[in-house]
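# Survey of secondary and tertiary structure
Each chain, written out:
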Amino acid sequence: MIISVILIPFIAGILVPVIPFGKRWQKELFLEAAVILNSILVWYLLLHHSDSTFLLAHFTGDLNISFRVDGMSMVFAGLVSALWPFATLYAFEYMTKEEHENVFFLFYTLTYGVTLGIALAANLLTMYFFYELLTLVTVPLVMHTLTREAVLASRKYLYYSLGGAAFAFLGLIMVIVYGSTTDFILGGVLDPAKIAGKTNVLLLIYVMAFMGFGVKAAICPFNSWLPQAGVAPTPVTALLHAVAVVKSGAFAIIRLTYYSFGTDFLKGTWAQDVVMAIVMFTIVYGCSRAVKETHIKRRLAYSTISNLSYILFGAVIMTPLGLVGALTHLVFHAVMKISSFFCAGAVMHQTDRHYVHELDGLGYKLPCVFGIFTVSALALMGVPGLAGFISKWNLAQAAVASENPLAWGGVGCLLISALLTAIYMLTIVVRAFFPGKDFDYTTLAGAKDPNWKMLVPLFAFTLFIVLFGVYSQPIVEFFYGVAMGNI
Amino acid sequence: MYCILLSVFFPILSGLFLLIRYRTPLSGKTEGSVRKTLVTLTGLFLIVTALLTLSALLTAKEGFTLFYLTETLTIYFKIDAVGALFSLLAVVVIVCAGFFSFEYMKHEEREGRYYGYYMMVFGVINALCFAGNLITFYLFFELLTLSSMPLVLHNGTKEAVMAGLKYLFYSLCGAYAALFGVYFLYKNSETLTFTAGGVLKASSIAEHGSFLLVVAFIMILGFGVKAGMFPMHAWLPTAHPVAPAPASAVLSAMIVKAGVLALIRVTNLFGADFLRGTWMQTAWICLTLVTIFMGSLLAFREPVLKKRLAYSTVSQLSYILFGLAVMNEDAFTGSLLHVLTHGFVKAVLFLCAGAFIYCTGKTRADELRGIGRRMPLTLWCFTIASLGLIGIPPTGGFVSKWYLALGSLKSGIPVLDVLGPVVLLVSALLTAGYLLPVTLHGFFPGADYAGENLQKQEPSKIMTIPMIIMTILSVIVGLFPNAVVLYMTVIGG
């Protein structure tokens, strides 16, 4: 069962170029059906999970490839499987204007399986294996347009990711050597007898592994691949570079911190201070760059950099509450950012405009798209009643409760970042809806809202943004259960 | 309960309706009739909302929770005396300025959008006045910024759009500074529901007392942005004058008061006892005094009438904040009286300035020579309102300044207790200096005045009546301050 949800996307993806589809809608139907079926299976699996571990392959000692459903995997797998069908639907419409669709959908669907592999991995080795695989299957997606820019971007992405994974590998070795097991156990697996006297070395390795996994989570100074990777088609930037890939990085860091090294070992050490300082800097840095950037998708990519560090900020507070904050933002940011990315993509698809200063007056021509964009902008800023407020609230409360002065400073960073978020998001909204007195609307002739395949995902995400904003109790309680190890 | 909800959501929804129904610019043949329906509808909405608000004030005594964002964060409404006072002011100012704009906005584009956001601001202000806890207040505080921004950039020139953005970002900056405080306050207090006398936990005061003072100061700076307090006042003189005159009136008379209301709530949450006599109080008083003096001085040397009035708002608002910062009963009474006085007076002044622009197209104060012969009624309103702001008895400004000075002298804060009234006096002189020349040159243009044309050019009744109503109200506040003072004492007791 657990292995089938990873295999189905593999099979479906590989079949796309193989089966000779007569019409386009047949291919769409096939893919959408496969993805939805898989998502249903995932949710079934999550809701009826048992604690048993599924062993796929056994190497030496206790090194093995195995899968298990625990609280963290439920959060990440649930998130990914909820978003993927919508993103696929959106991609059908978006890709009508792009070439070699089959290759695109092959790798796009493969990525689904690989991401689930990361989410469901039962030990550090399995996660590491799928983590590397994720890099490999997403490189062709970045390279998709085959322009010089895209090739450069994908090469950079490849080098950064592999380099980061190499550092993460160090962490893996340390856990194998000094841990009692490599399985994920909340609270950590380091063996007190083995680590005596080696604390500082282990902390150093933790910081290195943090930075290694942090490459995918785009922490400063390893973030420059992400905005550049924005040359990929929008479904990729929206789903992979705002959710699946980058959040795999954050997910891996949470696994490493809470489930392998353990917060008891790390909390209050210099290592915590170092990683927290890096994260706080990235929060402000990402936003500042977003304000400066004029390309819409790159602006959103910088915003992602900043928001990913919100998640990491929650994680490095290293208290259960901090983990709750991190998980809340992991899920809520996914919905908000994918919504704003899809809006940007819709604008590019409908009008072929890529820069912020080209958006004047479009709010009247694409009212649905820009209405939804406004909602996601307000949510990212953290207006109460929308999802962003709740996740920021949880993060800030965790920071305040941690009694760590550095974390208090982090709350300040969150708010500076909120202001900058307002600046880079609302300038777009104001441009779109208030183009100014002498604006000539005839230049916009022909621009209109996209069709239902693009609008359905957008409306669905908006619904979730509002729903999470006004009624977050059950899901936050669930996160609390995860953080306390009850689930 | 239903009255409160209706008075909040009816105007917001009707505003949304206007926005969607009249989203395209009025054009061509149908313009006249469409405009007539638009104006009638808006007028109807304004009156209905006013009635709903009044009935809410009269009937709703109990607070109620609308819904739970989470178990501890609630959207909670409750009408208390301070909120009721602000709400009354809001109803009068918004309805009067609204009717004024039916005539004034005749030649502007995109009227539908203007009225739509105008109605939304009405609802949001009601919600702010009725908010019963800090979370609800913060929610509507953000919404107020967002819904009033389109009023600022309404005329769509480059200058207006930049001013709108400046307003937006300054306000959000303030809101986020306040949110920083909310995060810490939540952790260290029993509840965020507004209760008299402070909500801080005794254990928190003992443990983090000095840090909480810093938090309080950051919150005051943050909410102070909306009230135009130094050093974050720069948006106000930019944003208020570029809006259409009736919108400037509402911005200056009412929307900035949201910042005042916020500061009243914050000082109550922390508790005056906790803040009194600390470095924070001293710093706050100093900031308000600097703002009072600086605002008056800048107004004094500003030639454009609407800008001059905006600088005057900066200065006058800090009179109110000064009263809050002093933190005793007399000063608080003075503050609330000045909220009323300044609300009516500043609305009248801006509407008069709008009437001058509407009838003659003149924006600079020195161009208004001899205006009293052409628009005597308007200039009389302007004059009476000016006297009120300067504080000449028996107008409202005199009483409020009296209480402010009294409170300051009683407070016993070294140096500042005397310096405060001195600054108030100097500022009053400057106020006279920047307002009275308009009247003087308007009525007495001098012997060499040729009088370009001496016909009566009074604006139509729909513009003059709102001005007259509010002028009368500002005088009433001065003539019968006891009613208000009694009301305040009831709040205090």
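The structure displayed is predicted, hence computed values, not measured ones. (Residues numbered from 1 in each chain as written. Chains lettered and ligands numbered in written order. Predicted model: local features only at pLDDT ≥ 70, side-chain atom pairs only at ≥ 80, totals over all residues. Heavy atoms only, no water.)

### A short note on the overall build of chain A
The test is simple: Strands are runs of DSSP state E lasting at least 2 residues, helices are runs of H or I lasting at least 4, and numbering of each runs from the N terminus. To get the radius of gyration, use the C-alpha atoms; to get the globule rule, take the number of residues to the power 0.38 and multiply by 2.2 Å. Buried means the residue's accessible area, taken with a 1.4 Å probe over protein chains only, is under 20% of the maximum for its type, while exposed means over 50%, and partly exposed covers the values in between. Two residues form a contact once any of their heavy atoms are found within 4.5 Å. Method for areas: the Shrake-Rupley scheme with a 1.4 Å probe, in which residue coverage is limited to the protein chains shown. Only four residue types enter the charge count: Lys and Arg as positive, Asp and Glu as negative, with His and the chain ends excluded. Charge placement uses NZ in Lys and CZ in Arg. For Asp and Glu, CG and CD serve respectively.
From N to C terminus, chain A includes 19 helices and 2 strands. Against the 2.2 N^0.38 benchmark of 23 Å for 487 residues, chain A shows a C-alpha radius of gyration of 22 Å, consistent with a compact globule. Along the longest, intermediate and shortest principal axes, the C-alpha atoms of chain A span 75 × 55 × 45 Å. With 487 residues in all, chain A has 64% of them scored as buried. Long-range pairs, those at least 24 residues apart, make up 80% of the contacts in chain A with a sequence separation of at least 6. Accessible surface, chain A: about 15900 Å² in total, of which carbon and sulfur atoms supply 68%. Each charge sign in chain A was given a centre, from 27 positive and 24 negative side chains, and these centres are 5 Å apart.

### Side note on the interface of chain A and chain B
Under the convention used in this document: Summed over both partners, buried area is the accessible surface (1.4 Å probe) that two parts give up on being assembled. We count a salt bridge whenever a side-chain nitrogen from Lys or Arg sits within 4 Å of a carboxyl oxygen from Asp or Glu. Residues adjacent in sequence count toward polar contacts only when both atoms are side-chain atoms; beyond that, a polar contact is any pair of N or O atoms within 3.5 Å, and within protein one must be able to donate a hydrogen and the other to accept it.
Counting residues at the interface gives 37 residues for chain A, matched by 38 residues for chain B. The largest contributions to the chain A side of the interface with chain B come from W393, L415 and F434 of chain A, which together make up 21% of the buried area. For the interface between chain A and chain B, the tally reads 0 salt bridges. The interface formed by chain A and chain B holds 4 residue pairs in polar contact (both at pLDDT 80 or more) in total. If you list the elements that add at least two residues to the side of chain A that touches chain B, you get α15 (367-381), α16 (387-401), α17 (405-433), α18 (452-470) and α19 (473-484) of chain A. Broken down by element, the side of chain A that touches chain B gets its largest block of residues, 12 residues, from α17 of chain A.

### Focus: the side chain of R35 of chain B
By the element assignment, R35 of chain B lies in helix α2 (residues 31-59). Of note is the side chain of R35 of chain B, whose polar atom sits 2.6 Å from the side chain of E111 of chain B.

### Quick look at the nonpolar core
Generally speaking, a soluble globular protein has its nonpolar side chains buried in company with each other. Counted only if it meets this: Put simply, a nonpolar core is a bunch of buried Ala, Val, Leu, Ile, Met, Phe, Trp, Tyr and Cys residues held in one set by side-chain atoms that sit within 4.5 Å of each other.
Within the largest apolar cluster, 383 residues are counted, with the highest numbers of intra-cluster contacts made by Y206 and F313 of chain A together with F86, V260 and F270 of chain B. Aside from chain neighbours lying at most four places away, what touches F270 of chain B is L185, G198, L200, L212, V215, A216, M219 and L275 of chain B.

### Remarks on the confidence of the model for chain A
Rule in force here: The pLDDT value tells you how sure the predictor is about a given residue, anywhere from 0 up to 100.
Of all residues in chain A, 100% attain a pLDDT of 70 or more, and the chain-wide mean is 89. Mean pLDDT in chain A bottoms out at strand β1 (residues 54-58) of chain A, which sits at 83, and peaks at helix α12 (residues 270-292) of chain A, which reaches 94.

### Here we look at the packing of aromatic side chains
How we decide: Pairing of aromatic rings covers Phe, Tyr and Trp, the last counted by its six-membered ring, and requires centre-to-centre distances within 6.5 Å; plane angles under 30 degrees mean stacked, over 60 mean edge-to-face, and any other angle means tilted. We call a charge positioned above a ring when the Lys NZ or Arg CZ atom is no farther than 6 Å from the ring centre and deviates by at most 35 degrees from the ring normal.
Taken as a whole, this structure holds 55 aromatic pairs over all chains when the rule is applied. Each ring, one from F104 of chain A and one from F105 of chain A, has its centre 5.2 Å from the other, and the planes form 80 degrees; the classification is edge-to-face. Each member of the pair, F104 of chain A as well as F105 of chain A, is classed as buried. Aromatic ring contacts, followed pair by pair, group W84, F92, F104, F105, Y108 and Y112 of chain A into a single cluster. In this structure, K216 of chain A is placed above the aromatic ring of Y131 of chain A, and the distance from its NZ or CZ to the ring centre is 4.3 Å. Cation over ring: R21 of chain B sits above Y22 of chain B, and NZ or CZ is 4.8 Å from the ring centre.

### Notes on the pattern of salt bridges
Residue and element names in this part refer to chain A. Counted according to the given criterion, the structure contains 13 salt bridges over all chains. The salt bridge partner of R24 is E101, with a shortest N-O separation of 2.2 Å. Linking R24 in helix α2 (residues 24-47) with E101 in helix α4 (residues 101-120), this pair joins segments that are 77 residues apart in sequence. Using a relative accessible area of 29% as the deciding quantity, one classes R24 as partly exposed. Accessibility expressed as a relative area gives 15% for E101, which makes it buried. A salt bridge links D70 to R255; its shortest N-O distance comes to 2.9 Å. A residue pair is termed long-range when its members are at least 10 positions apart, and D70 in the loop between β2 (64-67) and α3 (71-94) and R255 in helix α10 (residues 234-261) qualify at 185 residues. Overlapping salt bridges bring together R24, K27, E28, E101 and K453 as one network.

### Examining α4 of chain A
Defined as follows: Under the convention used throughout, the expected extent of a helix is 1.5 Å for every residue step, that is, one less than its residue count.
With 20 residues, α4 of chain A should cover 28 Å at 1.5 Å per step; its first-to-last C-alpha distance of 29 Å lies within 8% of that length. With 17 of its 20 residues buried, α4 of chain A lies for the most part within the structure.

### Looking at the packing of α3 of chain A against α10 of chain A
Residue and element names in this part refer to chain A. Going by this rule: Axis definition: a line fit to C-alpha positions, over the contact stretch in the case of helices; interaxial angles, taken between N-to-C directions, run 0 to 180 degrees. Angular relationships are summarised with four words: roughly parallel below 35 degrees, roughly antiparallel beyond 145, roughly perpendicular across 65 to 115, and oblique for the angles in between.
Here α3 crosses α10 at 170 degrees, and the two axes come no closer than 9 Å. Comparing the axis directions of α3 and α10 gives the class roughly antiparallel. Facing α3, whose interface residues are M72, S73, F76, L79, L83, W84, A87, Y90, A91 and Y94, α10 presents T234, P235, L239, L240, V243, A244, K247, S248, F251, I254, R255 and Y259.

### Quick word on unusual backbone geometry
For the bond running from C220 of chain A to P221 of chain A, omega is 10 degrees, close enough to zero to count as cis. Structurally, P221 of chain A can be placed in the loop between α8 (199-214) and α9 (225-228). Residue P231 of chain B is reached from F230 of chain B by a cis peptide bond, and omega for that bond is 10 degrees. By the secondary structure assignment, P231 of chain B is in the loop between α7 (202-226) and α8 (235-242). The backbone of E403 of chain A shows a phi angle near 55 degrees, a positive value even though the residue is not glycine. Note on placement: E403 of chain A falls in the loop between α16 and α17. Using a relative accessible area of 41% as the deciding quantity, one classes E403 of chain A as partly exposed.

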